[in-house]
Structure formats: C-alpha cells, structure tokens
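In case you want the letters, here they are:
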Amino acid sequence: MLKGKNAIVTGSTSGIGLAIAHCLAAQGCNLLINGFGEKAAIDKEVAGLKQKHGVNVDYSPADMSKPADIEVMVAQCEKTLGSCDILVNNAGIQFTAPIENFPTEKWDAIIAINLSSAFHSIKAAIPGMKKRGYGRIVNIASAHGLVASKEKAAYVAAKHGVVGLTKVVALENAPSNITCNAICPGWVYTPLVQKQIEDRAKNENISVKEATDKLLGEKQPNMKFNKPENIGGMVVFLCSDDADAMTGEILTMSGGWLAQ
Ligand code: NAD
C-alpha cells in the first residue's frame, strides 16, 4: 500500500517506534530509522527490516534534543531515500517527580525531546512535502496529551503541546494534501513503562506483578497493555487513502482510560 513512499520514524530503535517501522515497512515503505542504542543492535535492526520487508532502510543517529541534528536527519532522508513523505514523531522519554523536586534539566530534556523535536522535524519536512503535494505526519502523543497524572509535569505539558501542534500543522497544511494527526495511546508495555513499574515496585516494596496490576488498575479499565504493533497499525491506517480526510484528528487508543 505504501510502496515507493519514504518515512522517518524518530525513536525507532526500541518499543513503539520500532513496531511502527515494521508496520510501515510491511506495506512497502522505505525507512529512515532513528534513536539511541548499541551500534551492533541497530545494524541488526536495519538488516532485519531490509531482509524481512525488502525495503530500503537508512539510519540517523540524530539526537532529538538538538535542532541542528534534526535538520540533518530530514535532509539525510531526502538525499538517501529521495523524499520524506511520511514523518512519525515518536521519540520520547519520561521522568516522574512532584513538581517541587522536578529537576529543571529533566523538564528541559522532556520538553526538547517529546515536544520541540516534533516542531523542528515538521518545520524541516514540510517544504519538501508541499513541493511534492503529499505528506502524512503522525505525532505519537499519549493519553497524557489529554488528561494529567501526578508527578508528570514535563511529560503531560509536552504531550498536551504535541496535541496543540498537531492541530496547527493540520490547519496550515489542509489545502496541500498534507495531513497531520496525533495518536494518544494508554499504557503500552515498552522499556519506558517497564522502568516505571520497576521503580514503583521498589518504592512501594511490592512485587513487579502487584505494581503492574496497580498501574493498569488506576488508569486502564481493560487491564491490558496496548501492543506496540497496535500503534503501528493505526499509523499505517493514517497513511492510507481511507484516512485522506482525516487531519487535525486526535485519535485515542487507551483501553477505556480516556472514557472516564
Ligand atoms: P522506548 O523507551 O521504548 O523508546 C523510546 C525511543 O526514543 C528509543 O528508540 C530511544 O532510543 C529514542 N530516544 C530517546 N531519546 C532520544 C533522543 N534524544 N534522540 C533520539 N531518540 C531518542 O519508549 P516507548 O514507550 O516506545 O515510547 C515511544 C513514544 O510513545 C514516546 O513518545 C512515548 O511518550 C509515547 N507513549 C508511550 C506509552 C507507553 O505506555 N509506553 C504510552 C503513550 C505514549
């Protein structure tokens, strides 16, 4: 379905981003993947994507906290793959603490990586998309883009910002066949959430199983983690012809979290 299209997926060396990369590649889309990790592990992911799906895959080590790196990443995609038709802003980090103890450098890092990186990548990718008359931008926000939780000041602020940015980009580009949408998942079992569960088990002196049940029980009524590939499937749908009229949409996938 996406044969011949070229996509950037930020933060795609792990978790949700890696699953999105596989789902896009399964539709014939070439990829520029990005994120941190051991060189050998990243080389293996690149080779695995190429072999499994028969698409072109390149890698950018761009640090999403650095605007100049982001510009280079978009230029690299346009040069080595030929264009950036699809942009998935997925890279993100988490840190939890009450606001009075929240380290300022953690606030700055979360705002830079989870919010400002999307501004910089969209700014760099839009001119090429406009020239070609096609673009699909998908921002991975969160349930925390719509509601809050305690001890997540930076994350919740950044994700609410991503939702607002999505709407502005959608409005500005609606006449240009460029859509911009956001996905707001509830809990997805990835290293980012695994760390929160482990911290909780330690802090509350409970088992990892009890910490997991508490985490889900507080927020997600279906008591199940979303699968990373569920988010990948939604990204593919948003890039399909059936989603041509969808722009500025904030799509939730939260196991009932956001019905409350
Ligand atoms: P993850 O920790 O498994 O993956 C994060 C990815 O981002 C990794 O590839 C990492 O290398 C990359 N990354 C981190 N800092 C970076 C930087 N400075 N520059 C470039 N890459 C960087 O996390 P995940 O759970 O897969 O999260 C992916 C996205 O989904 C995030 O934006 C997160 O906020 C969002 N999200 C996650 C959940 C969840 O429950 N896991 C729920 C809602 C939204």
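Please read these numbers as outputs of a predicted model, since none were measured by experiment.

Colleague: Teacher, can you tell me more about helix α6 (residues 191-203) here?
Modeller: Because each turn of an α-helix spans 3.6 residues, side chains separated by three or four positions in sequence point in the same direction. Its 13 residues give α6 an end-to-end C-alpha distance of 18 Å, which sits within 8% of 18 Å, the value for a rise of 1.5 Å per residue. Within the sequence span of α6, burial applies to V193, Q196, I197, R200 and A201. Viewed along the axis of α6, the buried residues span an arc of 135°, placing them on a single side of the element. Of the exposed residues in α6, the ones pointing more than 90 degrees away from its buried face are K195, K202 and N203. Of the surrounding secondary structure, the elements contacted by the buried residues of α6 are α7 (208-219).

Colleague: Sorry, what's going on with the side chain of S12 here?
Modeller: Checked against the element boundaries, S12 lands in the loop between β1 (6-9) and α1 (15-26). Under the relative-accessibility criterion, S12 is labelled buried at 0%. Within the local environment of S12, its side chain forms a polar contact with the backbone oxygen of V9, the two atoms lying 2.7 Å apart. Filtering out sequence-adjacent residues up to four positions away, S12 remains in contact with G17, L18, A21, I33 and N34.

Colleague: Sorry if this is basic, but what is going on with the sheet that holds strand β3 (residues 57-60) here?
Modeller: Across a sheet, strands are paired by hydrogen bonds formed along the backbone, either parallel or antiparallel in direction. Read across the sheet, seven strands follow the order β3-β2-β1-β4-β5-β6-β7 without closing on themselves; strand pairing throughout is parallel. The two strands at the open ends of the sheet, each matched to only one other strand, are β3 and β7 (250-253). The sheet shows a mean angle of 20° between the axes of neighbouring strands, taken without regard to direction. Sheet topology note: the strand β2 (residues 30-34)/β3 ladder contains four bridges and is parallel. By the bridge assignment, N34 is partnered in β3 with S60. Lying on the sheet, helix α3 (residues 67-80) is in contact with β1, β2 and β3; it crosses β3 at an angle near 160°. Helix α8 (residues 228-238) rests against β4 (86-89), β5 (135-140), β6 (178-185) and β7 of the sheet, and its axis sits at about 160° to β6.

Colleague: Help me understand helix α2 (residues 39-53) in this model?
Modeller: With 15 residues, α2 should reach 21 Å at 1.5 Å per residue; the first-to-last C-alpha distance of 21 Å fits that figure. Taken together, the buried residues of α2 touch α1, β2 and β3. Just beyond α2, the residue with positive phi is G54, at close to 65°.

Colleague: Would you mind going over the pairing of β6 with me for this structure?
Modeller: Burial runs high along β6: eight of the eight residues are buried. Neither face of β6 is open: one carries I178, C180, A182 and C184, the other T179, N181, I183 and P185, and all of them are buried. Direction of pairing for β5 relative to β6: parallel, over a ladder of six bridges. Residue pairing across strands places I137 opposite C180, the latter belonging to β6. Crossover connection from β5 via helix α5 (residues 153-173) to parallel β6: handedness right-handed. Pairing analysis gives four bridges linking β6 to β7, with the strands arranged parallel. Residue pairing across strands places C184 opposite T252, the latter belonging to β7.

Colleague: What exactly am I supposed to notice about the site of the ligand here?
Modeller: Taken together, 30 residues lie around the ligand, and S14, N90, Y155, V188 and T190 are the ones closest in. For the ligand, an oxygen atom lies 2.7 Å from a polar atom in the side chain of S14. The backbone of F36 places a nitrogen or oxygen atom 2.8 Å from an oxygen atom of the ligand. The set of elements that each furnish at least two residues to the shell around the ligand consists of α1, α5 and α6. At three residues, α6 tops the list of elements feeding residues into the shell around the ligand. In the shell around the ligand, the residues fall into 16 nonpolar, twelve polar and two charged. Viewed by domain, the shell around the ligand spans two of them, domain 1 (6-188 + 227-259) and domain 2 (189-225), each represented by three or more residues.

Colleague: Would you mind showing me how to read the domain arrangement of the chain here?
Modeller: Interface extent is often summarised as the accessible area lost during association of the parts. Under the domain assignment used here, the chain contains domain 1 (6-188 + 227-259) and domain 2 (189-225). Here the C-alpha centroids of domain 1 and domain 2 sit 25 Å apart. Listed as interface residues are 18 residues of domain 1 and, on the opposing side, 13 residues of domain 2. Between domain 1 and domain 2 the total buried area reaches about 1200 Å² when both faces are included, carbon and sulfur atoms providing 59% of it. Contact with domain 2 buries area across many residues of domain 1, yet W187, V188 and G255 alone supply 52% of it, more than any other trio. The interface formed by domain 1 and domain 2 includes zero salt bridges. At the boundary of domain 1 with domain 2, the tally comes to six residue pairs in polar contact (both at pLDDT 80 or more). Split into classes, the residues belonging to the side of domain 1 that touches domain 2 amount to seven nonpolar, nine polar and two charged.

Thresholds applied
- Residues numbered from 1 in each chain as written.
- Predicted model: local features only at pLDDT ≥ 70, side-chain atom pairs only at ≥ 80, totals over all residues.
- Heavy atoms only, no water.
- Helix = DSSP H or I, 4+ residues; strand = E, 2+ residues; numbered from the N terminus.
- Expected span 1.5 Å × (residues − 1).
- Buried < 20%, exposed > 50% of the residue type's maximum accessible area, 1.4 Å probe, protein only.
- Arc of directions from axis to C-beta.
- Contact = heavy atoms within 4.5 Å.
- Polar contact = N/O pair within 3.5 Å; in protein donor to acceptor, adjacent residues only side chain to side chain.
- Pairing = 2+ DSSP bridges.
- Axes fitted to C-alpha atoms, helices over the stretch in contact; angles between N-to-C directions.
- Right-handed = clockwise from strand over helix to strand, strands pointing away.
- Near = heavy atom within 4 Å.
- Nonpolar A, V, L, I, M, F, W, Y, C, P; charged D, E, K, R; others polar.
- Domains from an automatic or database assignment.
- Buried area = accessible area lost by both parts, 1.4 Å probe.
- Salt bridge = Lys/Arg side-chain N within 4 Å of Asp/Glu carboxyl O.

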